Amino acid sequence: MDKWKRMGDELYQLQEKHLYRRIKVIESAQSAHVRYQGRDMLMLASNSYLDFCDEERIKEYAAKALMEYGTGSGGSRLTTGTTVLHTRLEEALARFKGREAALVFNTGFAANSGVIPALCGEGEIIYSDAKNHASIIDGCRQSKAETVIYRHNDMADLEKKILERPGKSGLIVSDGVFSMDGDIVDLPGLVKLADTYGLLSMIDEAHATGVIGATGRGCEEYYHMEGRTDILMGTLSKAIGGEGGYVCGPCILTEYLKNKARSYIFSTSLSPVAMAAAARALELIESEPWRVHRLQENIKWFCHKLQELGLNVRSETAIVPILIGEEEKAERISDELMERGFFIPAIRYPTVGKGEAMLRAALMATHTKEELAEAAGAIAEVICHCG
Ligand SMILES: *Cc1c(COP(=O)(O)O)cnc(C)c1O
């Protein structure tokens, strides 16, 4: 009997359907240009929107922290794993987001999958957007609360579903910037419903922080609704260019989570180096607003160039989806663009729906206008050829 047969069969099936995932190995630091298979490529897929993974001053500061505090934290946050670098970063995050307190988790994934089950239990309801990130979905699955999925960013559908369950307490949770389509949550609508019906509101700012709002503070700044969401979570691994996740809110929230969130309690905390890198990156977002502005200009420029070439794209965020449709075609287009030196992946089922495969371009503050114009030209040409 072959114990591995079922896995082999399933992998073969995935290959047949053009859904097999392969790892691409990068041979340099993550920046606007990377080395891949020995060649220089224009990186149009990274979440390092402000190009902070390879920023000199951040690296120097992190290197100093490495030499002073060492490679690991040696314990969970509640035992020996909290250094002054952890608490300083939490203070900086709380200030940046205009909240009383912040709590750092090991990843954004760990934050969502730990926070949601801690906040909502038996007899309560979680209202979750149909296009929320996998980590929110996992958090909902781990909670003993009932999860109700509402239509993507549809506040009328959300209200209808709330009214079907009168008097129930719970949480409304949504991505701030949706991770595949790059669209922005209807925050005014969501907060109004949460406040009207006595539910907590929670926004995941993984792709919003450092990207939207006049100074890159995210969704509340974008809508001029500072302080109106109950719970803000996010990641240190995207625009901030490091690793880790966080949650911001009133002190009562962070104190509660320190006592209740399993992914916070039962995991060794991040290294002091990760804390130092994120703290320096936050300082740079504040002291050098040109990065966020350049990113926002790049988004407008790139969408404009693609539109000029007849492609129907629209985005106000660093994520610019270009719908293709068939999985096989998206794969071919992406391969051809890679061949020409543009690193743009095809996104396929199950990350998006079947037959809704797309190219997902992600922009950086340090892409030049010329590079983006050239990329737009290549994308339009290859889509035309592969049509
Ligand atoms: C990437 C992402 C996360 C997970 O954050 P990590 O720090 O990468 O684990 C959570 N939510 C959303 C919306 C994301 O895009």
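Cut-offs and rules
- Residues numbered from 1 in each chain as written.
- Predicted model: local features only at pLDDT ≥ 70, side-chain atom pairs only at ≥ 80, totals over all residues.
- Heavy atoms only, no water.
- Helix = DSSP H or I, 4+ residues; strand = E, 2+ residues; numbered from the N terminus.
- Near = heavy atom within 4 Å.
- Polar contact = N/O pair within 3.5 Å; in protein donor to acceptor, adjacent residues only side chain to side chain.
- Nonpolar A, V, L, I, M, F, W, Y, C, P; charged D, E, K, R; others polar.
- Expected span 1.5 Å × (residues − 1).
- Buried < 20%, exposed > 50% of the residue type's maximum accessible area, 1.4 Å probe, protein only.
- 1 Å grid on protein atoms, 1.4 Å probe; cavity = no way out; pocket = protein on both sides within 12 Å on 5 of 7 lines; lining within 4 Å.
- Points joined across faces, edges and corners; volume = space filled by probe spheres on them.
- Pairing = 2+ DSSP bridges.
- Phe/Tyr/Trp six-rings, centres within 6.5 Å; stacked < 30°, edge-to-face > 60°.
- Lys NZ or Arg CZ within 6 Å of the ring centre and 35° of its normal.

Undergrad: Whenever I open this one, the environment of Ala 279 confuses me. Can you help?
TA: Structurally, Ala 279 can be placed in helix 11 (residues 272-287). Taking C-alpha positions, Ala 279 is 32 Å from Ile 126, a pair spaced 153 residues apart along the chain.

Undergrad: Help me understand the site of the ligand in this model?
TA: Around the ligand, the surrounding shell holds 15 residues, and the nearest of these are Gly 108, Asp 204, His 207, Thr 235 and Lys 238. Contacts to the ligand include Phe 109, whose backbone N or O atom sits 2.9 Å from an oxygen atom. Within the side chain of Asp 204, an N or O atom sits 2.5 Å from a nitrogen atom of the ligand. Considering every element that reaches the shell around the ligand, the biggest residue donor is helix 4 (residues 108-119), with three residues. Considered class by class, the residues forming the shell around the ligand number two nonpolar, ten polar and three charged.

Undergrad: What's the story with helix 14 (residues 369-385) in this structure? I'm lost.
TA: Residues three or four positions apart in an α-helix share a direction because the helix packs 3.6 residues into each turn. Taking 1.5 Å per residue, 17 residues should reach 24 Å; helix 14 reaches 24 Å between its end C-alpha atoms and fits that length. Along helix 14, the residues that are buried comprise Glu 371, Leu 372, Ala 375, Ala 376, Ala 378, Ile 379, Ala 380, Val 382 and Ile 383.

Undergrad: What is the right way to look at empty space enclosed by the protein in this model?
TA: Space left empty within the atom packing is revealed by a probe, the size of a water molecule, rolled over the atoms. The final tally for this structure, using the stated rule, is one cavity of 30 Å³ or more. A volume near 40 Å³ is recorded for the largest cavity. Around the largest cavity sit Arg 77, Val 104, Phe 105, Asn 106, Ser 263, Tyr 264, Ser 267, Thr 268 and Ser 269, which together line it. For the lining of the largest cavity, the elements supplying multiple residues, two or more each, are strand 3 (101-105) and helix 10 (262-265).

Undergrad: What am I meant to see in the sheet that holds strand 11 (residues 342-343) here?
TA: Note: strands within a sheet are paired through backbone hydrogen bonds, in either parallel or antiparallel orientation. Taken together, the three strands give an open sheet; going across it, the order is 1-2-11, and neighbouring strands pair in mixed fashion. Two strands close off the open sheet at either side, each with one partner strand: strand 1 (33-36) and strand 11. Two strands pair when backbone bridges link them, and strand 1 and strand 2 (residues 39-43) are joined in this way by four bridges, in the antiparallel orientation. Along strand 2, the bridge assignment pairs Arg 35 with Asp 40.

Undergrad: Please explain the packing of aromatic side chains as it appears in this structure.
TA: Here a ring pair, both rings aromatic, is described through the centre-centre distance and the interplanar angle of the planes. Applying the stated rule across the entire model yields three aromatic pairs. Ring plane angle 80 degrees and centroid distance 5.4 Å describe the contact between Tyr 36 and Phe 343, whose orientation is recorded as edge-to-face. One end of the pair, Tyr 36, is in strand 1; the other, Phe 343, is in strand 11, and 307 residues separate them in sequence. Lying across the ring of Tyr 349, Lys 354 places its NZ or CZ 4.6 Å from the centre. The lysine or arginine in question, Lys 369, covers the ring of Trp 301, its NZ or CZ lying 5.9 Å from the ring centre.

Undergrad: So what exactly am I meant to see when it comes to the layout of surface pockets here?
TA: Of the pockets and cavities examined, the largest pocket occupies roughly 1,000 Å³. Along its surface, the largest pocket is lined by 29 residues, and Arg 22, Lys 24, Phe 343, Pro 345 and Ala 346 are the ones closest to its centre. Listed by contribution, the elements that provide at least two residues to the lining of the largest pocket are strand 2, helix 13 (327-339) and strand 12 (346-347). Here the element with the most residues in the lining of the largest pocket is helix 13; it accounts for five residues. Tallied by class, the residues present in the lining of the largest pocket amount to 13 nonpolar, seven polar and nine charged. As a volume, the second largest pocket reaches approximately 760 Å³. Contributing to the lining of the second largest pocket are 27 residues, with Lys 131, Met 180, Asp 181, Gly 182 and Met 358 lying nearest its centre. When residues in the lining of the second largest pocket are grouped by element, the largest group, three residues, is from strand 10 (residues 319-325). Looking at side-chain class alone, the lining of the second largest pocket contains 13 nonpolar, eight polar and six charged residues.

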